[in-house]
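Take a look at the letters that make up each chain.
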Amino acid sequence: MFRDEATIEVQAGNGGHGRASFHREKFVPLGGPDGGDGGAGGSVVLVATSNLNSLLPIGRRFRYRAPDGEPGYTKLKAGKDGEDLVLEVPIGTQVFDAQRGNLLRDLAQDGQRLEIARGGRGGRGNARFATSVRQSPKHAESGKSGERRELRLELKLFAEIGLVGLPNAGKSTFLATVTAATPKIADYPFTTLSPQVGIAQLSESDTLVLADLPGLIEGASEGHGLGHKFLKHVERCRAILHLVDCSPECLSEPVQSWRVIEQELAAFSPELAKKPRLTAATKVESPEAEARALELERGIGERVWRISSARHSGVRELLVEARRLARDTSPV
Ligand SMILES: Nc1nc2c(ncn2[C@@H]2O[C@H](COP(=O)(O)OP(=O)(O)OP(=O)(O)O)[C@@H](O)[C@H]2O)c(=O)[nH]1
Ligand SMILES: [Mg+2]
């Protein structure tokens, strides 16, 4: 489980001022008060939605403001209310008061709403203040200010895609290429010691959460290497992306590498064995690497995606496919 955070300031709209005016008609010099009420300011509302899986889109802006209510008009006409500003957040977002640090609400269900800053009430027009003794009140009320709050949003993230493969396969490099994450990368095995998460942005609001995991080796399911502890993280992911080093420099045969990992996944748990997955050949930058990728494809009898993180080739296509796969798979 990982954390995704955003801090924003929300400002509800101010209420419109009430109007002070008097009825006017030709040849009727002393009309009564006819100032209308101001409209209420719009509130800021948070809504949980299953269409989002990260706080990245909302966190891109700091300040959010709902519109003010209109002032009242003459002839007893009220000003329009400001519309509520509805902000979508992913399901599972916890909303904290940023200043005090206390939890305000956990938005755990799809469609759940939280009015987080209430719009100011509209001021009453002078017509409201007329009484039998004060028939011509000249004053109207001002609109009230909308609430302003600074919020910290926090989301516990479950990665949608888990990256698996032998040490040095290029998992961390792939994560660093497609997300803003900065995992450690090196040309020796077991560089990654704990899971790292990154969020890939496919479009303005479409994101994919990927977890980079320590490399697995033969016997990982029985506790060899670092894998065992982390295989349970993979169980939480919706789908697996298995990366296989196909560069000519790699000493192990791609089919053999692939088999080792698949066997470990299957030995760890039936759930892992059943997880939907994609296989991608990494470091495909030469005809030799391409030949090895082809050999892998034939050997396993499944489609093998070709990528090079170094050249940024094939990466986007793979992400789009991973997005599709994760979306087709129900959450675990
Ligand atoms: N030429 C080339 N080298 C790459 C590419 N991707 C990764 N590498 C190199 O491969 C080595 C291993 O990369 P990592 O991303 O650390 O591999 P990893 O799978 O995360 O390794 P562990 O964390 O040890 O499991 C590094 O030297 C990278 O620079 C690529 O697309 N092309
Ligand atoms: Mg790594």
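All values reported here derive from a predicted model rather than from experimental measurement.

> I'm lost on the overall build of the protein chain in this one. Help?
Within the protein chain, the secondary structure is distributed over seven helices and 14 strands. Relative to the 2.2 N^0.38 estimate, which gives 20 Å for 332 residues, the radius of gyration of the protein chain is 30 Å and therefore markedly larger than a compact globule would have. With respect to the three principal axes, the spread of C-alpha positions in the protein chain is 100 × 40 × 30 Å. Across the 332 residues that make up the protein chain, the buried fraction comes to 49%. Summarising the internal contacts of the protein chain: among those between residues at least 6 apart in sequence, 72% fall at separations of at least 24. Carbon and sulfur atoms make up 50% of the accessible area of the protein chain, which amounts to about 16,900 Å² in all. Computing the positive centroid from 45 side-chain charges and the negative centroid from 43, the protein chain places the two 10 Å apart.

> What should I look at first to understand the nonpolar core in this one?
The nonpolar side chains of a soluble globular protein tend to be buried, and buried together. In this structure, V10, L46, I58, I116 and L153 are the most contacted members of the largest nonpolar core, which totals 28 residues. Residue assignment for this core shows that the elements contributing at least two residues are β1 (2-11), β2 (44-49), β4 (85-90), β7 (113-117), β8 (148-157), β10 (196-201) and β11 (207-212). No other element matches the four residues that β8 contributes to this core. If you count residues domain by domain, this core takes at least three from each of domain 1 (2-156) and domain 2 (158-328). For V10, the residues in contact, after removing those within four places along its chain, are V44, Y64, L87, I116, A117, E147, R148, R149 and L151. Ranked by size, the runner-up nonpolar core spans 24 residues in total, among them A169, A181, L278 and A322.

> So what exactly am I meant to see when it comes to the coordination of the magnesium ion (ligand 2) here?
Ideal geometry at a metal centre gives angles of 109.5 degrees when four donors are arranged tetrahedrally and 90 or 180 degrees when six donors are arranged octahedrally. Taken together, S172 (OG) and T192 (OG1) make up the protein donors of the magnesium ion (ligand 2), found 2.0 to 2.1 Å from the metal. With a gap of 20 residues between them, S172 in helix α2 (residues 171-178) and T192 in the loop between α2 and β10 connect regions that are remote in the sequence. What makes S172 buried here is its relative accessible area of 9%. The class for T192 is buried, based on a relative accessible area of 11%.

> What should I look at first to understand unusual backbone geometry in this one?
The bulk of non-glycine residues show a negative phi, and the bulk of peptide bonds are trans. Even without glycine at this site, K75 takes up a positive phi of about 55°. Positionally, K75 belongs in the loop between β3 (63-65) and β4. Residue K75 is classed as exposed on the basis of its relative accessible area, which comes to 69%. Of note, the phi angle at H312 is positive, near 65°, even though the residue is not glycine. Checked against the element boundaries, H312 lands in the loop between β14 (304-306) and α7 (315-328). Judged by its relative accessible area of 49%, H312 falls in the partly exposed class.

> Help me out: how do you make sense of the site of ligand 1 in this one?
Around ligand 1 lies a shell of 21 residues, among which K171, S172, T173, F190 and E285 are the nearest. Interatomic distance of 2.8 Å between a backbone N/O atom of F190 and an oxygen atom of ligand 1. Relative to its free-state accessible area of 650 Å², ligand 1 is covered by the protein chains to the extent of 84%.

> What is the right way to look at the domain arrangement of the protein chain in this model?
When the parts of a complex come together, some accessible area is lost, and that lost area is often used as the size of the interface. When cut into domains, the protein chain gives domain 1 (2-156) and domain 2 (158-328). One C-alpha centre belongs to domain 1, the other to domain 2, and the line joining them spans 48 Å. Contacts between domain 1 and domain 2 engage nine residues on the former and 14 residues on the latter. Contact between domain 1 and domain 2 buries roughly 900 Å² in total, counting both sides, with carbon and sulfur atoms accounting for 56%. Viewed at the interface, domain 2 and domain 1 are joined by zero salt bridges. Connecting domain 1 to domain 2 are two residue pairs in polar contact (both at pLDDT 80 or more). Sorting the residues of the side of domain 1 that touches domain 2 by element identifies β1 and α1 (56-59) as the ones contributing at least two each. In terms of residue class, the side of domain 1 that touches domain 2 is built from four nonpolar, two polar and three charged.

Analysis parameters
- Residues numbered from 1 in each chain as written.
- Chains lettered and ligands numbered in written order.
- Predicted model: local features only at pLDDT ≥ 70, side-chain atom pairs only at ≥ 80, totals over all residues.
- Heavy atoms only, no water.
- Helix = DSSP H or I, 4+ residues; strand = E, 2+ residues; numbered from the N terminus.
- Rg over C-alpha atoms; globule rule 2.2 N^0.38 Å.
- Buried < 20%, exposed > 50% of the residue type's maximum accessible area, 1.4 Å probe, protein only.
- Contact = heavy atoms within 4.5 Å.
- Areas by Shrake-Rupley, 256 points an atom, 1.4 Å probe, with all protein chains shown as cover.
- Lys, Arg positive; Asp, Glu negative; His and termini not counted.
- Charge placed at Lys NZ, Arg CZ, Asp CG, Glu CD.
- Core = buried A, V, L, I, M, F, W, Y, C linked by side-chain atoms within 4.5 Å.
- Domains from an automatic or database assignment.
- Donors = N, O, S within 2.8 Å, 3.2 Å for Na, K, Ca; no water.
- Near = heavy atom within 4 Å.
- Polar contact = N/O pair within 3.5 Å; in protein donor to acceptor, adjacent residues only side chain to side chain.
- Buried area = accessible area lost by both parts, 1.4 Å probe.
- Salt bridge = Lys/Arg side-chain N within 4 Å of Asp/Glu carboxyl O.
- Nonpolar A, V, L, I, M, F, W, Y, C, P; charged D, E, K, R; others polar.

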